[in-house]
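# Coordinate analysis (summary)
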Amino acid sequence: MSQSLGAEQVSDFQELIWEYYHDYGRHDLPWRQAEPDGSFDPYKIMVSELMLQQTQVARVIPKYQSLIEQFANTRELAGEDLGTVLRAWQGLGYNRRAKYLWEAAKIVDKLKHFPKTCDELVKLPGIGVNTAGAILAYAYNFPAIFIETNVRTVFIHHFFADRGDVADKDIIPLLEQTLDREQPREFYWALMDYGSHLKATVGNRNKASRHYTKQSKFHGSRRQIRGQIIRLLTEQAYTGRELSQIVADKRSEAILQELLAEELIRRSGSRYHL
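Now for a description of the structure that goes with this document. (Residues numbered from 1 in each chain as written. Predicted model: local features only at pLDDT ≥ 70, side-chain atom pairs only at ≥ 80, totals over all residues. Heavy atoms only, no water.)

## Overview of the overall build of the protein
In terms of helices and strands, the protein carries 14 helices and three strands. Relative to the globule expectation of 19 Å for 274 residues, the C-alpha radius of gyration of the protein, 21 Å, shows essentially globular dimensions. In terms of principal-axis extent, the alpha carbons of the protein reach across some 70 × 45 × 30 Å. Residues counted as buried form 46% of the 274 residues belonging to the protein. Pairs at least 24 apart in sequence give 66% of the contacts found in the protein among residues at least 6 apart. Side-chain charges of the protein comprise 36 positive and 35 negative groups, with the mean position of each set lying 11 Å from the other. (Helix = DSSP H or I, 4+ residues; strand = E, 2+ residues; numbered from the N terminus. Rg over C-alpha atoms; globule rule 2.2 N^0.38 Å. Buried < 20%, exposed > 50% of the residue type's maximum accessible area, 1.4 Å probe, protein only. Contact = heavy atoms within 4.5 Å. Lys, Arg positive; Asp, Glu negative; His and termini not counted. Charge placed at Lys NZ, Arg CZ, Asp CG, Glu CD.)

## What to know about the packing of helix 5 (residues 82–89) against helix 6 (residues 96–111)
Contact geometry for helix 5 and helix 6: axes closest at 9 Å, N-to-C directions at 130°. With respect to helix 6, the element helix 5 is oriented oblique. Here helix 5 runs over helix 6; the crossing is right-handed. Of the residues in helix 6, those touching helix 5 at L82, V85, L86 and W89 are R97, A98, K99, L101 and W102. Classifying every residue of the contact of helix 5 with helix 6 gives seven nonpolar, no polar and two charged. (Axes fitted to C-alpha atoms, helices over the stretch in contact; angles between N-to-C directions. Parallel < 35°, antiparallel > 145°, perpendicular 65-115°, else oblique. Left-handed = near helix turned anticlockwise from the far one by under 90°. Nonpolar A, V, L, I, M, F, W, Y, C, P; charged D, E, K, R; others polar.)

## Observations regarding a negative patch on the surface
Together, E8, D12, E15, E19 and D23 make up a negatively charged patch on the protein surface. Within the secondary structure, D12 is located in helix 1 (residues 7–24). Take D12: its relative accessible area is 41%, and that puts it in the partly exposed class. (Patch = residues over 30% accessible without salt bridge, like charges linked within 9 Å, V, L, I, M, F, W, Y side chains within 5 Å. Areas by Shrake-Rupley, 256 points an atom, 1.4 Å probe, with all protein chains shown as cover. Salt bridge = Lys/Arg side-chain N within 4 Å of Asp/Glu carboxyl O.)

## So, the packing of helix 8 (residues 129–140) against helix 11 (residues 184–201)
Between helix 8 and helix 11, whose axes approach to 7 Å, the crossing angle comes to 120°. One element, helix 8, and the other, helix 11, form an angle in the oblique class. Listed contacts from helix 11 to A137, Y138, A139 and Y140 of helix 8 are R185, Y188, W189 and M192. Partitioned by chemical class, the residues of the contact of helix 8 with helix 11 number seven nonpolar, no polar and one charged.

## Structural notes on unusual backbone geometry
Backbone geometry at Q54 places phi at a positive 60°, although glycine is not the residue there. Look at Q54 and you get exposed, because its relative accessible area is 57%.

## Some details on the pattern of salt bridges
Under the definition given, this model contains 14 salt bridges. Of the charged contacts in the structure, one is a salt bridge between R75 and D109, with a shortest N-O distance of 3.3 Å. Of this pair, R75 sits in helix 4 (residues 74–78) while D109 sits in helix 6, placing them 34 residues apart in sequence. Put simply, R96, R222, R226, E258 and E262 are held in one network by salt bridges that share partners.

## Overview of the sheet that holds strand 1 (residues 238–239)
Ordered by their spatial adjacency, three strands build an open sheet running 1-3-2, and the pairing between neighbours is antiparallel. Either end of the sheet is taken by a strand with one partner, and the two such strands are strand 1 and strand 2 (266–268). Sheet topology places strand 1 next to strand 3 (residues 271–273); two bridges connect them, and they run antiparallel. Residue pairing in the sheet places T239 in a bridge with R271 of strand 3. (Pairing = 2+ DSSP bridges.)

## Let's talk about the packing of aromatic side chains
Under the definition given, this model contains 13 aromatic pairs. Taken together, a centroid distance of 6.5 Å and an interplanar angle of 85° make the contact between Y138 and Y188 edge-to-face. With Y138 in helix 8 and Y188 in helix 11, the pair connects residues that are 50 residues apart, well separated along the chain. Its relative accessible area of 5% is what places Y138 among the buried residues. (Phe/Tyr/Trp six-rings, centres within 6.5 Å; stacked < 30°, edge-to-face > 60°.)

## Let's talk about the environment of E258
One can find E258 in helix 14 (residues 252–261). Judged by relative accessible area, which is 25%, E258 ranks as partly exposed. For the pair E258 and R226, spaced 32 residues apart in sequence, the C-alpha separation works out to 9.0 Å. Apart from residues no more than four positions distant in its own chain, E258 is found in contact with R222 and R226. In terms of polar contacts, E258 uses its side chain to reach the side chain of R222, at 2.6 Å. (Polar contact = N/O pair within 3.5 Å; in protein donor to acceptor, adjacent residues only side chain to side chain.)

## Points about the side chain of T131
By the element assignment, T131 lies in helix 8. For T131, the contacting residues outside a window of four places in its chain are E49 and Q53.

Here it is in structure tokens:
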């Protein structure tokens, strides 16, 4: 049974979140800056949301600024080849996200408008329900309900302190009751910042979430080899033998074929390239 909060509980919780945001919020993050007319560009929000998946804010900021400078809108991004986009993405990892972003830009460019509903957004590559909710809240100030690791952290810390195995379905009713529907964009920013603060001060409360999975070790992983191959190919084309000698891992040939099948890389004759 979901918790039902009283008016005072809701008010106290909102006051806590707003006070933290007022005093310590990350107001200068580049994707939180409005356009000259006061609006927020959904393309820029989509870029930031895909970049921020499984990547720390400090690493994202310079890559976000660089990518937006290079590709100012969906048309510019869609007009480039994937290799150019992957080169711009280098340093963030999880290169599938760059491909998803590129493919999404192509779809949006053909639509001639940016989707404004969850149903439309989730049809874009790499956009799930929660990412769609974030885009709706941040770009359009729409009171969408979505769960993200910092949101989980806040609600588990305040409402499920003595529980483990907390499901998102347990959190959603509380989020629905406490969301500031007049200012959803900033309230989610405030939740994100307060959640980040809690992670740094009380530890990762996400471990109490049913959906928590510990990130696998990067060093020596297939993910590391995938990234190494793509990084090499951003510089020049290589034969499979040359790549195997440089990477020096028995899994390299299988991973090379995996990347080829995913269309993250291409092959011309005996040489692989972006």
